[in-house]
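Residue strings, one per chain:
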Amino acid sequence: MDMFQRVLMVDASNGFYRMKRYGFDRYFGPVDLGIHLTRHYRSLNFGVGIFAGSILPGSNRLVVTGFSPCWQGNYISSMGGAGLVFNNLGINMVSLVGRAPVPSVLYLNRNHGEEIEVEVVPVDAARIWAAGRIGTYALMDEAYRMFGSRYEKDPRILATGPAAMHTDMGGIVSVPIKKGELSYVDTWAGRGGFGSAMVQAHGIVAVIYGGTLVEEDFRDKNVADEWFQNKYDLRLMQKDLEVTSKYRYEEKLRTGGTFGVNYANMDGRILAFNYRTMDWSHEQRQALHQNFVIDHYLKQFNEETVESKQQATCGEPCVAVCKKMNGRYKKDYEPYQTMGPLCGIFDQRAAEKLNHHCDAMGFDAISGGGVLAWLMDLLDEGVLSREELGVTRLPRWQLDDFDVVADSMHNAELGCELIDAILARRGMIDFREGVRKWSRIHSRAKGTALHDRLVHVAFGRRGWMVPNQYWVSGVLAPMAIMGKYYMIYSDDFIPPRILGRMCADRLKKELIVDNLGTCRFHRGWAEEMLPDVMGSLYDCKERYLRSIEILATRINSGNTPVFWDSQRNIDFIHSFLKRKKEVDKITDPRLDQWLEKFNQDPLEAAREFWYQTLMGIDESLREFF
């Protein structure tokens, strides 16, 4: 059959719209088509995969593509569950161009007809953000109040916060709506600052969408079970239960979710106090992990969330139930790591306070938390003063008399002050063009490189990204898109040239899943099964896999990596290598050679490590036709 994707092109400057079709001859999903539209129109795109609404688990992610204001390059982000309602519009993608003259809400509704109702409605965003539940949550409430009654079925809302207006790291949040009630289970397209792109480049502060169309999506359970029986000798749901156990509940660890499993397994690999723990002894890190995390931070999580089974899905039926809750607070590892131990916070009440304020203000939580830890570090070292950062207190990072409850709350309150200072541009803070550019400007005046304490991946002249929160070499790789899992985050020692090749291969595997709008939590079967499904249903397995090879090369062709401009990045790699030798007792002569190079000249060794990784990436992504 002839397959194509339907794209609704919306001009936010005037509300005009038109429909375009793109065939399977070139584009298969929201990533490859979204990258094409971004390059052609400089658009911001929201799309779903062709299996949205089907029985395949995790197939309802909403994928966002566009030019990232913080990364300063093409980027891909996604959020769980939001594609299920989007599928009711009967289209595959919305492509946003133009800029509304004032902050506005984009309204999309397909109600028993062929046409989609499109309106661009001005709102007083600043007033809304300051009222009610404040920030992103207040804007979702207001959008539903304005338009909710127009929908026959529960719609979905994409919302931004003040961070999208005033920084380059604003995210996009959404929550499932059930019977007219907005839940607390927020899902984010945070990485890449697409909230900032939506507000600053297009003038749209929120999108509300929904419809009544019921398409004939793939629903044949018997056929799906036959595929999985042939491949794994398990039915579909049996295999999905097997591969998602980490996100649901790990019997051996007596915990579940990314927060529970990662912290239970962490041991001496903990990253705290803006990565200062990298310089501690293994025994000191183990003691910190045991006393503050296992015996308190994780213990609270297990008692309050895991034992009471406070868990939910992102809005689609899914056995992973990965959204671990405590009342209105959702607990994911990376936000509760960057605005947890990385900021000197080891108590759930304190972490909830800071994470909730960050979410309400609409920041990408990982980048936001990394920046807060960096600013706290500069305060603690006396490099910057309270007056210069517009706050009233200093961090409590002294471990000798650290009170895990009181001092965690003190640091959380400082984090909230810093968030408010960033948004109000107090003191010397002005992050509108990103933290790298801001640091360069003020480093000259201070006579010291402020960004030497900021662990980040640099891209182009001013692009930046706080890396994923694992103490491994892959999170700092010079890939074309970082901050996502388009790289290897194995804790193994991997020589850099090989690491680059493995990162390139990981990119391709992740794209197989992302380009079909599928959640990576199901990657244990999705990476190898989805191409087979494409073959069975659409007779295009080989064409799809070939398109992924070309897509990966297209993404890499825009790679403008910059060698690490932070001393702490160099320390990150060096300390990782030392840990592999001294703690894990790795006896690889190649590790010994790299350690010798780092011990002799850390800067030159880091430069060689970085370039060899880049060589491995580039030589693996050469499929241009």
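A quick note: this is a predicted structure, and the numbers were derived from the prediction, not measured. (Residues numbered from 1 in each chain as written. Predicted model: local features only at pLDDT ≥ 70, side-chain atom pairs only at ≥ 80, totals over all residues. Heavy atoms only, no water.)

(A) Molecular detail of the packing of aromatic side chains. In the structure shown here, the tally under the stated rule is 39 aromatic pairs. With a centroid separation of 5.2 Å and an interplanar angle of 20°, the aromatic rings of Phe218 and Trp227 are classed as stacked. By relative accessible area, Phe218 is classed as buried at 16%. A connected cluster of aromatic rings, assembled from ring pairs, spans Phe259, Tyr263, Tyr297, Phe301, Tyr333, Tyr336, Tyr470, Tyr485 and Tyr489. A cation sits over an aromatic face here: Arg42 above Phe67, 3.8 Å from the ring centre. Looking at Arg579, its charged tip hangs above the ring of Trp471, at a distance of 4.5 Å from the centre. (Phe/Tyr/Trp six-rings, centres within 6.5 Å; stacked < 30°, edge-to-face > 60°. Buried < 20%, exposed > 50% of the residue type's maximum accessible area, 1.4 Å probe, protein only. Lys NZ or Arg CZ within 6 Å of the ring centre and 35° of its normal.)

(B) Representation of the side chain of Lys580 in the model. Looking at the element boundaries, Lys580 is found in helix α21 (residues 567–582). Looking at Lys580, its side chain comes within polar contact range of the side chain of Asp584, at 2.5 Å. (Helix = DSSP H or I, 4+ residues; strand = E, 2+ residues; numbered from the N terminus. Polar contact = N/O pair within 3.5 Å; in protein donor to acceptor, adjacent residues only side chain to side chain.)

(C) Summary view of the pairing of strand β14 (residues 204–211). With respect to burial, β14 is a largely interior element, eight of its eight residues being buried. Looking at chain direction, strand β7 (residues 104–110) and β14 are connected through seven bridges and run parallel. Paired with Asn109 across the strands is Gly210, a residue of β14. Bridge analysis of strand β9 (residues 156–159) against β14 gives four bridges, and the strand direction is antiparallel. The residue of β14 that forms the bridge with Arg156 is Tyr209. (Pairing = 2+ DSSP bridges.)

(D) Geometry of the sheet that holds strand β15 (residues 311–312). Taken in spatial order, the three strands make up an open sheet running β15-β16-β17, and their pairing is antiparallel. One side of each edge strand has no neighbouring strand; the edge strands of this open sheet are β15 and β17 (329–330). Sheet analysis places strand β16 (residues 323–326) next to β17, joined by two bridges and oriented antiparallel. Bridged to Asn326 within β17 is Tyr329.

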